[in-house]
Amino acid sequence: MFSVFVPSESSLKKATVSDLEALPDNAVWVDLVKPTTAEDKAVERLAGIAVPTREDMQEIEISSRLYIENGARYMTATLMCQSDTEAPKTTAVTFILSGHRLVTVRYDDPKPFVLVENKLARNCSAGITGEMVLMELLDAVIDRCADILERIGADVDQVSHDIFEPESERHGNAKRYSQILITIGRKGDLTSKVRESLVSIGRLVTFLSAVIEGVKWTKDMREQLKTMQRDVASLTDHASYLSNKITFVLDAMLGVVNLEQNNIIKLFSVMAVVLMPPTLIASIYGMNFKVMPELEWQHGYPFAVLMMVLAAVAPYMYFRWKKWL
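Note that the structure is a prediction, hence the values are computed from the model and not measured.

A.B. asks: I tried to follow the pairing of strand E6 (residues 89-98) on my own but got confused; where do I start?
C.D. replies: On a regular strand, each side chain points to the face opposite its neighbour's, so the side chains alternate between the two faces of the sheet. Across the 10 residues that make up E6, a large majority, seven, are buried. In the sheet, strand E5 (residues 72-81) pairs with E6 via nine bridges, with the strands oriented antiparallel. Note on E6: the bridge partner recorded for leucine 79 is threonine 91. Strand direction decides the pairing type here: E6 and strand E7 (residues 101-106), joined by six bridges, are antiparallel. Pairing of threonine 94 across the sheet is with valine 105, part of E7. As consecutive antiparallel partners, E6 and E7 are separated by two residues, and within that stretch glycine 99 has a phi angle of approximately 65 degrees, a positive value.

Below you can see the structure in the form of structure tokens.
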């Protein structure tokens, strides 16, 4: 489906799109959501531009994502989608600036679109243009990435606390470690997706800054574009920092697991050494040779038991003296 937004008083209203013969002159934003082939053709006819297909939007070459054709500026970015769920993903969104009208093509529902639509429906400046709508969308996308990174940072801090300062000792450690590893993996995947989105947005903002030279954009919009470039660069660095921190936390988690496994193996080794001398003594006196003088000894049994106890205690005390336990 596709929606047409036109200014109405101090807000942006969604216009009816059924059987449109022409776009309203004051239409500033055409939003295509999972468009069919017929809807693509209709928008191409109404707006006088070529609408890229889903396959075109998924191209990874920069030249296929950022270009100018027949005076229209085509910009495809990778945005976060479903970041609040356990299965976050990225989706390609194309922004097309043709004159002072914005056309967006998307096959998912990134949250910034809903936020901007609701914001402009409540209040928008008089004389709003497609460029202004684009700036609002980009600003919302960057803010959304910042919020996601902030949440990831808090979650990673909590994971780090759970690793180095556990609330309980030796109580369900296997299950707790499994949950921590799953959390680390999810946060690492989400961080990589956010960084991919930020890199894509950074390229789009740089391209937009280059093509507006000679275009009559207001001074405030140019300053806002420069601010976006700085924000994207800062958030990209922060995403890299979080990736490094997640790698450190993962290494620490694996180190803790290996240390605990080594302690368990050491405990079994000590028990094996402690029980070996008593076992040897019991084996000797369990042999069935015909001539064994100790079998006739009245105090042989308590003496053998005492020897086994001493043989077990002596290695244990030695290990404690060496501080191996």
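Moving on, there is more to tell.
A.B. asks: Looking at this structure, how should I read the environment of arginine 106?
C.D. replies: Relative to the helices and strands, arginine 106 is located in strand E7. Look at arginine 106 and you get buried, because its relative accessible area is 6%. For the pair arginine 106 and leucine 32, spaced 74 residues apart in sequence, the C-alpha separation works out to 6.2 Å. Discounting residues that sit within four places of it in the chain, arginine 106 has contacts with Asp31, Leu32, Val33, Lys34, Pro35, Met57, Ala92, Val93 and Phe113.

A.B. asks: Just checking my understanding: could you explain the side chain of arginine 106 for this structure?
C.D. replies: In terms of polar contacts, arginine 106 uses its side chain to reach the backbone carbonyl oxygen of aspartate 108, at 3.1 Å. A polar contact is formed between the side chain of arginine 106 and the side chain of aspartate 109, at a distance of 3.2 Å.

A.B. asks: Help me understand the packing of helix H4 (residues 111-122) against helix H5 (residues 130-164), please; the structure alone is not making it clear to me.
C.D. replies: When two helices pack together, their arrangement is given by the angle between the helix axes and the distance between those axes. Axis separation between H4 and H5 bottoms out at 9 Å; the angle between their running directions is 130 degrees. For the element pair H4 / H5, the angle class is oblique. Taken as a pair, H4 and H5 cross one another with a handedness that is right-handed. The residues of H5 that touch H4, namely those facing Lys111, Pro112, Phe113, Val116, Lys119 and Leu120, are Val133, Glu136, Leu137, Ala140, Val141 and Arg144. Grouping the constituent residues of the contact of H4 with H5 by class yields eight nonpolar, no polar and four charged.

A.B. asks: Quick question: what am I supposed to make of the side chain of aspartate 31 here?
C.D. replies: In this fold, aspartate 31 is placed in strand E3 (residues 29-33). Here threonine 104 takes part through its side chain, which lies 2.7 Å from a polar atom of the side chain of aspartate 31. At 2.6 Å, the side chain of aspartate 31 and the side chain of arginine 106 are in polar contact.

Analysis parameters
Residues numbered from 1 in each chain as written. Predicted model: local features only at pLDDT ≥ 70, side-chain atom pairs only at ≥ 80, totals over all residues. Heavy atoms only, no water. Buried < 20%, exposed > 50% of the residue type's maximum accessible area, 1.4 Å probe, protein only. Helix = DSSP H or I, 4+ residues; strand = E, 2+ residues; numbered from the N terminus. Pairing = 2+ DSSP bridges. Contact = heavy atoms within 4.5 Å. Polar contact = N/O pair within 3.5 Å; in protein donor to acceptor, adjacent residues only side chain to side chain. Axes fitted to C-alpha atoms, helices over the stretch in contact; angles between N-to-C directions. Parallel < 35°, antiparallel > 145°, perpendicular 65-115°, else oblique. Left-handed = near helix turned anticlockwise from the far one by under 90°. Nonpolar A, V, L, I, M, F, W, Y, C, P; charged D, E, K, R; others polar.

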